[in-house]
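Here are the chains, one letter per residue:
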Amino acid sequence: MADLGERHDVHRGFPPTGRSRAVDGLRAYRLIAWMWIRSTMAYRASFAMTVFGNFAGTALDFVTILLMFSRVDELGGYSLGEVAFLYGLSSAAFGLADLAFGSVERLGQRVRDGTLDSLLVRPAPVLAQVAADRFALRRLGRITQGLLVLGYALVVVDISWTPLKVLLMPVMVVSGAAIFASVFVVGAAFQFVAQDASQVQNSFTYGGTTLLQYPPTVFAKDLVRGVTFVLPLAFVNWLPALYVLDRPYPLDLPEWVAFLPPLVAVVCCALSGVAWRAGLRSYRSTGS
Amino acid sequence: MGTWRLYAAVATGAFRRYATYRVATAAGVFTNTVFGLILAYTYIALWDERPGLGGYDQSQAVTYVWLGQGLLAAVAVIGGGFEDEMIERIRTGDIAIDLYRPADLQMWWLAADAGRSAFQLVGRGVVPMAFGGLVFQLALPTDAGTWLAFLVAVVLGVLVSFAIRYLVALMAFWFMDGAGVQQLAVLAGLFFSGMTLPLNVFPGVLGELARALPWSALIQAPADVLLGERTGLALLRTYAFQAAWAVGLLAVGRLVQSAATRRVVVQGG
């Protein structure tokens, strides 16, 4: 019987280990991503151009904000520096999530053309394979751009720093990235059902980061309520950032909500994991 | 006369083809609506601060947002039309077969793009606009004449958009991979069409430049016609501006096309 077990493991191509699926997933992700990085690096000039393209493409929305501020001093009661602060945090967090999980938006394509099946028979978690597929290092362009704008904001805006605020900054970016990543995963899970609807996912990912680039005072109360209590994007930057800026929170929320992002991120990731598994279970190959 | 029937058939086929992507169309409508909502609120904040900015009042500015979202797919500001397919055919060499056909290459693709555009105008234009009208106070004209004038401006805008994308696609004859040029064209399209911000809000020389470039024929010109900013002689000047860019760019497209097709080497025997 032991013999049979061993043969089974050989068939799976994995040494028999007691490691969890999360470790398996991370390892598979690392291997696939590294493969794509090496293949990208085969054409360095082309890589440099696409990084610049990614940088310039994402810089365009900040240029739009700059153009707006060439005509006004404040937007929704916020100065250019404060808007840049919100922009930089949202862009950096989203950029990280996009780098790690952006490829999952191609899932619908794989469901339609049937190539998802080849991922199902490989001995590695499907989510890790889908997320690392065509790992695009060029997306560093967006993160760089976001961090540059954030740097600009930190120079211009007069913030009364406390140790707590300093600590909150990196926590905010990492939690924000995790929240966006779970939006990416839920969107991918939805594509198991909808197949041809990657644009819906874009509304919540790209749309979400665009929304967070502007202060909450700009938007209608119901919209702010929606992105606080339903799709908790407000925890990516608005609530913690407004604490750092000493600005009043939207919806008269209490002060401690600024420290919730890590908790919200954990809950989002857990829920997105459930959604992903449900989506994967519902998958029926196209076949003919 | 036979060739015109052919192009009409190509256009109808393209219309039908896009009409079959129902889920994708619905998803696109959803995206346009979400982005319209976000942009509309930022414009309201902007016009709260500076009423009358760029010669628009607040409801005109909000109307501009929804108009942009409604036209985005029809005038293919961010691409996604025939050019992906054409670049692929150039890359694989299938374009040689197209050149043998008893039809003009440019007219063929123009007919296909016209069909696509007509579907996108209806399929992705009406619902976001209706949603915008429900949630915000829009400044839409009530007379049929303005709507008709607007449609003419949209058609001219589609022509200019096609002419630009045809040039972009032809670049694949030289670069093999059209991705870089396409990326640049998308960025220029988004920025200079007035998609992100009306061009009459752009300050100084940048504004003058943006309004003179061909991309302003895509969104800014039709929007100004619908918002009643262009009537009488100004309307004719807008049409002339759009038509001049369309004719000029289509002519350049023909020149580049003949230079490009001389490069085609058909292999095999």
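Rules used in this analysis
Residues numbered from 1 in each chain as written. Chains lettered and ligands numbered in written order. Predicted model: local features only at pLDDT ≥ 70, side-chain atom pairs only at ≥ 80, totals over all residues. Heavy atoms only, no water. Helix = DSSP H or I, 4+ residues; strand = E, 2+ residues; numbered from the N terminus. Rg over C-alpha atoms; globule rule 2.2 N^0.38 Å. Buried < 20%, exposed > 50% of the residue type's maximum accessible area, 1.4 Å probe, protein only. Contact = heavy atoms within 4.5 Å. Areas by Shrake-Rupley, 256 points an atom, 1.4 Å probe, with all protein chains shown as cover. Lys, Arg positive; Asp, Glu negative; His and termini not counted. Charge placed at Lys NZ, Arg CZ, Asp CG, Glu CD. Buried area = accessible area lost by both parts, 1.4 Å probe. Nonpolar A, V, L, I, M, F, W, Y, C, P; charged D, E, K, R; others polar. Expected span 1.5 Å × (residues − 1). Phe/Tyr/Trp six-rings, centres within 6.5 Å; stacked < 30°, edge-to-face > 60°. Axes fitted to C-alpha atoms, helices over the stretch in contact; angles between N-to-C directions. Parallel < 35°, antiparallel > 145°, perpendicular 65-115°, else oblique. Left-handed = near helix turned anticlockwise from the far one by under 90°. Core = buried A, V, L, I, M, F, W, Y, C linked by side-chain atoms within 4.5 Å. Salt bridge = Lys/Arg side-chain N within 4 Å of Asp/Glu carboxyl O.

Looking up chain B in an unreviewed UniProt entry gives the name ABC-2 family transporter protein, with the organism given as Streptomyces liliifuscus.

With that settled, the discussion passes to the overall build of chain B. When helices and strands are tallied, chain B shows 13 helices and zero strands. Starting at the N terminus, the α and β elements of chain B follow one another as α-α-α-α-α-α-α-α-α-α-α-α-α. Radius of gyration (C-alpha) of chain B: 19 Å, near the 18 Å computed for a compact globule of 269 residues. If one aligns the C-alpha atoms of chain B with their principal axes, the spans along those axes are about 70 × 40 × 35 Å. Across the 269 residues of chain B, 52% fall into the buried class.

Here we take up the overall build of chain A. Counting secondary structure elements, chain A contains 13 helices and zero strands. For chain A, the N- to C-terminal ordering of α and β elements is α-α-α-α-α-α-α-α-α-α-α-α-α. Against the 2.2 N^0.38 benchmark of 19 Å for 288 residues, chain A shows a C-alpha radius of gyration of 21 Å, consistent with a compact globule. Overall, the C-alpha framework of chain A stretches about 70 × 45 × 40 Å when taken along its three principal axes. Burial status across chain A gives 51% buried among its 288 residues. Long-range contacts, defined here as pairs at least 24 residues apart, represent 77% of the contacts in chain A between residues at least 6 apart. When the accessible surface of chain A is summed, it comes to about 13800 Å², and 65% of that surface belongs to carbon and sulfur atoms. Looking at chain A, you have 24 positive and 19 negative side-chain charges, and the mean spots of the two groups are 9 Å apart.

Before going further, it helps to examine unusual backbone geometry. Residues and elements named next belong to chain A. Residues other than glycine seldom take positive phi values, yet arginine 134 does so here, at roughly 50 degrees. Residue arginine 134 is classed as partly exposed on the basis of its relative accessible area, which comes to 48%. Of note, the phi angle at aspartate 252 is positive, near 50 degrees, even though the residue is not glycine. Here aspartate 252 lies in the loop between α12 (238-244) and α13 (261-281). Residue aspartate 252 is classed as exposed on the basis of its relative accessible area of 76%.

Residues and elements named next belong to chain A. Along the chain, aspartate 133 falls in the loop between α7 (126-132) and α8 (140-156). A residue is classified by how much of its surface remains accessible, and aspartate 133, at 9% relative accessible area, is buried. Those residues in contact with aspartate 133, other than ones at most four positions away along the chain, are Ile32, Trp36, Ser103, Arg106 and Arg110.

This part covers the interface of chain A and chain B. In this complex, chain A contributes 32 residues to the contact, which on the side of chain B involves 30 residues. Regarding the contact of chain A and chain B, the summed buried area is about 2700 Å², with carbon and sulfur atoms giving 74% of it. Area buried by chain A at its contact with chain B is led by A:Leu60, A:Leu67 and A:Arg71, which between them contribute 25% of it. Taken together, the residues that form the side of chain A that touches chain B break down as 18 nonpolar, 11 polar and three charged.

A few words on α8(A). Residue and element names in this part refer to chain A. The end-to-end C-alpha separation of α8 is 24 Å, in line with the 24 Å expected for 17 residues at 1.5 Å each. Within the span of α8, buried status applies to Gly141, Arg142, Ile143, Gln145, Gly146, Val149, Leu150 and Ala153. Close packing links the buried residues of α8 with α3 (44-69), α4 (80-101), α9 (163-194) and α10 (198-212).

Residue and element names in this part refer to chain B. One pass over the structure, following the stated rule, counts 27 aromatic pairs over all chains. On the basis of an interplanar angle of 90 degrees and a centroid distance of 5.5 Å, the ring pair of phenylalanine 15 and phenylalanine 119 is categorised as edge-to-face. Of this pair, phenylalanine 15 sits in helix α1 (residues 2-19) while phenylalanine 119 sits in helix α6 (residues 105-123), placing them 104 residues apart in sequence. The exposure class of phenylalanine 15 is partly exposed, given its relative accessible area of 34%. Look at phenylalanine 119 and you get buried, because its relative accessible area is 11%. When the ring of phenylalanine 82 is compared with that of tryptophan 109, the centres are 5.8 Å apart and the planes differ by 35 degrees; the resulting orientation is tilted. One end of the pair, phenylalanine 82, is in the loop between α3 (58-72) and α4 (83-92); the other, tryptophan 109, is in helix α6, with 27 residues separating them in the sequence.

Our focus in this paragraph is the packing of α1(B) against α6(B). All names here are of chain B. Between α1 and α6, the least distance of the axes is 7 Å, while the angle of their chain directions is 40 degrees. As summarised for this structure, α1 and α6 are arranged oblique, according to the angle between their axes. As for how α1 packs across α6, the hand of that crossing is right-handed. Contact with α1, carried on its side by Trp4, Leu6, Tyr7, Val10, Ala11, Ala14, Phe15, Tyr18 and Ala19, involves Met107, Trp108, Ala111, Ala112, Gly115, Arg116, Ala118, Phe119 and Gln120 of α6 and no other residues of that element. Taken together, the residues of the contact of α1 with α6 break down into 15 nonpolar, two polar and one charged.

The next thing to look at is the nonpolar core. Here is a general trend for soluble globular proteins: nonpolar side chains tend to be buried in one another's company. One finds A:Phe85, A:Leu116, A:Phe219, A:Trp238, B:Tyr43 and B:Met86 to be the most contacted residues of the largest nonpolar core, which totals 160 residues. Among the elements that make up this core, the one with the highest residue count is helix α8 (residues 144-170) of chain B (15 residues). B:Tyr7, B:Ala11, B:Ala14 and B:Ala111 belong to the second-largest nonpolar core, a separate cluster that totals seven residues.

All names here are of chain B. Evaluation of the coordinates by the stated rule reveals 17 salt bridges over all chains. Two residues, aspartate 98 and arginine 89, come together in a salt bridge whose shortest N-O distance is 2.8 Å. Pair check on accessibility: aspartate 98 and arginine 89 agree, each one buried. For arginine 101, the salt bridge goes to aspartate 98, with nearest N and O atoms at 2.9 Å. Shared partners join several salt bridges into a network, and the residues in it are Glu83, Asp113, Arg116 and Arg165.

What follows concerns helix α2 (residues 21-41) of chain A. All names here are of chain A. Given a rise of 1.5 Å per residue, 21 residues ought to cover 30 Å, and the 30 Å separating the end C-alpha atoms of α2 matches this to within 8%. Within the sequence span of α2, burial applies to Asp24, Gly25, Ala28, Tyr29, Ile32, Ala33 and Ile37. Considering only its buried residues, α2 is in contact with α4 and α7.

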